[in-house]
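Commentary on secondary and tertiary structure
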Amino acid sequence: MMANAVVALVMIMTVMGCEKGILEDEGTAALDGNLRVDVLEVGNWSFESLTRGDQTASEVCNRLNFAIYDMGGSRLKQINQEKGKAGFGTVSFQLEEGDYELVVVAHSSKGNPTMTNPAKIQFTNATGYTDTFLYTGKVSVDEESEGLTISLNRITSLCRFVITDDIPESVKKIQFYYTGGSGAFDAATGMGCVASKQTVTFDLTSESRKQFDLYTFLHEPSDQIALKVTAMDADGKELYVREFDVPMERNRVTRLSGNFFDGSSSSTTIGGITINAEWDGETNVEF
């Protein structure tokens, strides 16, 4: 009986010894590894600003995800950080000598993306879609400790939906359902890699707002999304529904504005696009 138990224990330890350890820390790992990564910049311009300028990670995102993969694409280690906690923007990995792929994602979603596969880093409707920035690169580790300073670039496209008429008192929620973009991206390209059905719902019972930001990862540098906008009462009953085909570009804002509630048509195909000459990053469209 005892002999069987010992054999079983040895077998378990052998299997565990053959597995690759996955570190997925919430917070800051000890900075005593042989690869230290420091975030220098997250984007060099903002959707919220009419002028370009560098901004630090703490100003444009509240989450950072660092993942190390072997050159075959298998994730080895991952560290997740949140704004406000010590060491935000700096991590350290202890790695064997060799070549690796480092992927770093900055965002403000409610949770961390799935990063098991670097070719499909995915956010969900539950975690939400926000402005997102990416760094990916090859790292070579040898006997000497390595220090790496990185800058992340924006990979999202933004549809800014603006209602210019008064919102009826009966409307308590506005839901945006859109297809054509992606909730996941390939770290090698930063482009969308799945056909997503993205949904974002805004509650109007606690605040009055007329501007709504919808983020996606495009499959091509220039593309379009099919957008369905539904205004509902407190019980979720549909009161107003309109549909739009929205032209989008990577790293740009499409500002879609007009009278939503007195529109005569339930379906609108957009035309008459004009470019805001004062800001290279915004396309204005009226409906």
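Computed from a predicted structure; not experimentally measured. Position numbers for residues start from 1 in each chain and track the written sequence from start to end. Totals for whole chains, interfaces and linings use every residue, but because this is a predicted model, local features are given only for residues with pLDDT of at least 70 and side-chain atom pairs only at 80 or more, for both listing and counting. Values shown for side chains rest on all heavy atoms present in the structure; no hydrogens or waters enter the calculation.

**Points about the overall build of the protein chain**
Helix and strand counts for the protein chain come out as two helices and 20 strands. Any two residues having at least one pair of non-hydrogen atoms within 4.5 Å are treated as being in contact. The contacts of the protein chain with a sequence gap of at least 6 include a subset with a gap of at least 24, amounting to 70%. All accessible areas in this document rest on Shrake-Rupley with a 1.4 Å probe, and a residue is counted as covered only by the protein chains that are shown. When the accessible area of the protein chain is evaluated, it comes to approximately 14,400 Å², of which 48% is carbon and sulfur surface. Where helices and strands are cited, they refer to DSSP runs of H or I of at least four residues and of E of at least two residues respectively, numbered from the N terminus.

**Side note on the packing of aromatic side chains**
Here the aromatic set is Phe, Tyr and Trp, taking the six-membered ring for Trp, and pairing holds for ring centres within 6.5 Å; pairs whose planes are under 30 degrees apart are stacked, those over 60 apart are edge-to-face, and all others are tilted. Summed over the entire model, instances satisfying the criterion amount to 12 aromatic pairs. Judged by centre distance (4.9 Å) and plane angle (85°), the ring pair of F260 and F261 falls under edge-to-face. The same class applies to F260 and to F261, which are both buried. Aromatic rings pair up to connect F161, F176, F202, F212, Y240, F244, F260, F261 and F287 into one cluster. Relative accessibility under 20% of the residue-type maximum defines a buried residue, over 50% an exposed one, and the middle range a partly exposed one, all with a 1.4 Å probe and only protein chains included.

**Brief notes about the pattern of salt bridges**
In the sections that follow, a salt bridge refers to a side-chain nitrogen of Lys or Arg positioned within 4 Å of a carboxyl oxygen of Asp or Glu. This model, assessed by the stated rule, comprises seven salt bridges. With a shortest N-O distance of 3.7 Å, E82 and R63 are connected by a salt bridge. Placement of the pair is E82 in strand β4 (residues 75-82) and R63 in strand β3 (residues 63-70), with a sequence separation of 19 residues. The class of R63 is buried, set by a relative accessible area of 12%.

**Digging into the pairing of strand β13 (residues 197-203)**
With burial as the criterion, only one face of β13 is covered, namely that bearing Q198, V200 and F202; the residues K197, T199, T201 and D203 on the opposite face remain uncovered. Pairing between strand β11 (residues 173-179) and β13: seven bridges, direction antiparallel. Among the inter-strand pairings, Q175 is bridged to a residue of β13, identified as T201. A strand pair is defined by DSSP finding two or more bridges across the two strands.

**Some thoughts on unusual backbone geometry**
Of note in this structure, N251 is not a glycine but carries a positive phi near 65°. Along the chain, N251 turns up in the loop between β16 (238-249) and β17 (253-258).

**Describing a negative patch on the surface**
Exposure above 30% relative accessible area and no salt bridge define the residues that can form patches, which grow by joining like charges within 9 Å and nonpolar side chains of Val, Leu, Ile, Met, Phe, Trp and Tyr within 5 Å. When charges are counted, Lys and Arg contribute as positive and Asp and Glu as negative, whereas His and the chain ends are disregarded. Taken as the charge location is NZ of Lys, CZ of Arg, CG of Asp or CD of Glu. On the surface, a cluster of negative charge is made up of E97, D142, E143, E144 and E146. Mapped onto the elements, E144 comes out in the loop between β8 (133-141) and β9 (146-154). A residue is classified by how much of its surface remains accessible, and E144, at 57% relative accessible area, is exposed.

**Some thoughts on the environment of V200**
Mapped onto the secondary structure, V200 falls in strand β13. Overall, V200 belongs to the buried group, its relative accessible area being 18%. Put simply, V200 and Y177 are 23 residues apart on the chain and 6.6 Å apart in space, counted from C-alpha to C-alpha. Excluding its chain neighbours within four sequence positions, the residues that come into contact with V200 are Y129, I174, Q175, F176, Y178 and L214.

**Observations regarding the nonpolar core**
By convention a nonpolar core is built from buried Ala, Val, Leu, Ile, Met, Phe, Trp, Tyr and Cys residues, the set being connected through side-chain atoms within 4.5 Å. Counting residues in hydrophobic clusters, the biggest one holds 41 residues, and the most contacted among them are F161, I174, F176 and L227. In terms of nonpolar packing, the next biggest core, distinct from the first, is built from 24 residues, L35, V42, Y135 and V139 among them.

**Description of the side chain of E101**
Relative to the elements of secondary structure, E101 occurs in strand β6 (residues 98-107). The side chain of E101 is buried and forms no salt bridge, while K138, the nearest opposite charge, is found at 11 Å. One polar contact links E101 to T136, side chain to side chain, over a distance of 3.1 Å. We define a polar contact as two N or O atoms separated by no more than 3.5 Å, with the added condition that, inside protein, one atom must be a possible hydrogen donor and the other a possible acceptor, whereas residues neighbouring each other in sequence contribute only through side-chain atom pairs.

**A short note on the environment of G190**
Among the secondary structure elements, G190 is positioned in the loop between β12 (184-185) and β13. Overall, G190 belongs to the buried group, its relative accessible area being 1%. Along the chain, G190 and K120 lie 70 residues apart, while their C-alpha atoms are 10.0 Å from each other.

**Here's the deal with the environment of V285**
Along the chain, V285 turns up in strand β20 (residues 282-286). Here V285 falls in the buried class, since its relative accessible area comes to 1%. Sequence separation of V285 and L256 is 29 residues, and the distance between their C-alpha atoms is 4.9 Å.

**Concerning the confidence of the model for the protein chain**
Confidence of the prediction at every residue is given by pLDDT, a number between 0 and 100. On average, residues of the protein chain score 82 in pLDDT, and 77% of them are at 70 or above. Under a pLDDT of 50 for its full length, residues 5-21 has, in the predicted model, four contacts with residues more than four places off or in other chains. Below pLDDT 50 for its whole length, residues 45-54 participates in 30 contacts with residues either more than four positions away or in separate chains.

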